[in-house]
Amino acid sequence: VEGDAEGGTWVIERPVGSYEGGQPNVPDNVVQPLEDHSDVPENSCAVTGNAPSEAIGAGFADVDRGETRLTSPYYFIDTLEQPVVGYHRWFSNATSLNPGIDPFRVEIQARSSSRWQTVGFTYESDRAWRQRLIDIHEEVGEDAREVRLRFTAMDQVQNMPRDGQSIVEAAVDDIVLYD
């Protein structure tokens, strides 16, 4: 985990749901998920900050004034003929005074390269778990033997009300290699 965000940096924990207006059980009010994507008992995932409880309003532990980057370990893909990496993600930036102005970026890097390749970039809030798939050979070349992923959630300071601050939450779960 790295970055310059003042709050809401990535943690791997059981997510604590947060809701716009403090109103749980209303789908349009969910800002951060209450549960991870998978069905395993641990119920943990990578999430951008956690409030102490669901009773705390949205914005308590969201990404603030900067970016937070989560980098995976390297995954060995040399034995796979047509390697694809999948993951599930959650992203919310549609609440507060400046909705929709902060992005979420996903990148992949081969160990043999210093270059990060952007494979996902959005300003669109999607407050649900969504699976994304990356064709590894298409993105980093067929000579890659090991790759890693980087997930970046941003709350950019802009010349807008309250410096362009909005409520930004992201989560990542279930990274899987396919052949």
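Treat the numbers as computed from the prediction; the structure is a model and nothing was measured.

**Re the overall build of the protein**
- When helices and strands are counted, the protein shows one helix and 13 strands.
- The secondary structure elements of the protein, listed N-terminal to C-terminal, are β-β-β-β-β-β-β-β-β-β-β-α-β-β.
- Considered along the principal axes of its C-alpha atoms, the protein spans approximately 50 × 40 × 25 Å.
- Counting only residues that meet the buried cut, the protein has 47% of its 179 residues in that class.
- In the protein, 76% of the contacts between residues at least 6 apart in sequence involve partners at least 24 apart.
- Counting every atom, the protein has about 9,000 Å² of accessible surface; 45% of that belongs to carbon and sulfur.
- Of the charged side chains in the protein, 14 are positive and 32 negative, and the gap between their average positions amounts to 4 Å.

**Side note on the packing of aromatic side chains**
- For the coordinates displayed, the defined rule picks out four aromatic pairs.
- The aromatic ring of Tyr74 is capped on one face by Arg111, whose charged end is 3.8 Å from the ring centroid.
- A cation over a ring is seen here: Arg150 above Trp116, with NZ or CZ 4.1 Å from the ring centre.

**Notes on the nonpolar core**
- With 23 residues, the main nonpolar core has Trp10, Phe104, Val147, Phe151 and Ala153 as its most contacted residues.
- Elements represented by at least two residues in this core include exactly strand 8 (84–95), strand 9 (104–110), strand 12 (146–155) and strand 13 (167–178).
- In contact with Val147, not counting residues within four places along its chain, are Pro73, Tyr74, Tyr75, Ile77, Ile108, Gln109, Ala110, Ile136 and Val140.
- Judged by nonpolar contacts, the second largest core, of seven residues, contains Tyr19, Val47, Trp90 and Trp129.

**Considering unusual backbone geometry**
- For Arg65, which is not a glycine, the phi torsion comes out positive at approximately 50°.
- Along the chain, the position of Arg65 falls in the loop between strand 5 (45–48) and strand 6 (66–71).
- Despite not being glycine, Asp174 has its phi angle at roughly 55°, a positive value.

**Comments concerning the confidence of the model for the protein**
- Confidence in the prediction of the protein, expressed as mean pLDDT, is 89, and 91% of residues score 70 or more.
- Mean pLDDT across the elements of the protein bottoms out in strand 3 (residues 18–19) (84) and peaks in strand 9 (98).

**Side note on the side chain of Ser92**
- For Ser92, the position within the fold is in strand 8.
- Once residues within four sequence positions are removed from consideration, Ser92 is found in contact with Val31, Ser125, Arg127, Ile167, Val168 and Glu169.

**Some thoughts on the sheet that holds strand 5**
- Within the open sheet, the five strands sit side by side as 2-5-13-8-11. Their pairing is antiparallel. Each edge of the open sheet is held by one strand with a lone partner, namely strand 2 (10–13) and strand 11 (126–135). Across this sheet, the average inter-strand angle for adjacent strands is 25°, counted without regard to direction.
- Relative to strand 13, strand 8 is paired through nine bridges, and the arrangement is antiparallel. Bridge assignment links Arg89 to a residue of strand 13, and that residue is Val172.

What counts and how
- Residues numbered from 1 in each chain as written.
- Predicted model: local features only at pLDDT ≥ 70, side-chain atom pairs only at ≥ 80, totals over all residues.
- Heavy atoms only, no water.
- Helix = DSSP H or I, 4+ residues; strand = E, 2+ residues; numbered from the N terminus.
- Buried < 20%, exposed > 50% of the residue type's maximum accessible area, 1.4 Å probe, protein only.
- Contact = heavy atoms within 4.5 Å.
- Areas by Shrake-Rupley, 256 points an atom, 1.4 Å probe, with all protein chains shown as cover.
- Lys, Arg positive; Asp, Glu negative; His and termini not counted.
- Charge placed at Lys NZ, Arg CZ, Asp CG, Glu CD.
- Phe/Tyr/Trp six-rings, centres within 6.5 Å; stacked < 30°, edge-to-face > 60°.
- Lys NZ or Arg CZ within 6 Å of the ring centre and 35° of its normal.
- Core = buried A, V, L, I, M, F, W, Y, C linked by side-chain atoms within 4.5 Å.
- pLDDT = per-residue confidence, 0-100.
- Pairing = 2+ DSSP bridges.
- Axes fitted to C-alpha atoms, helices over the stretch in contact; angles between N-to-C directions.

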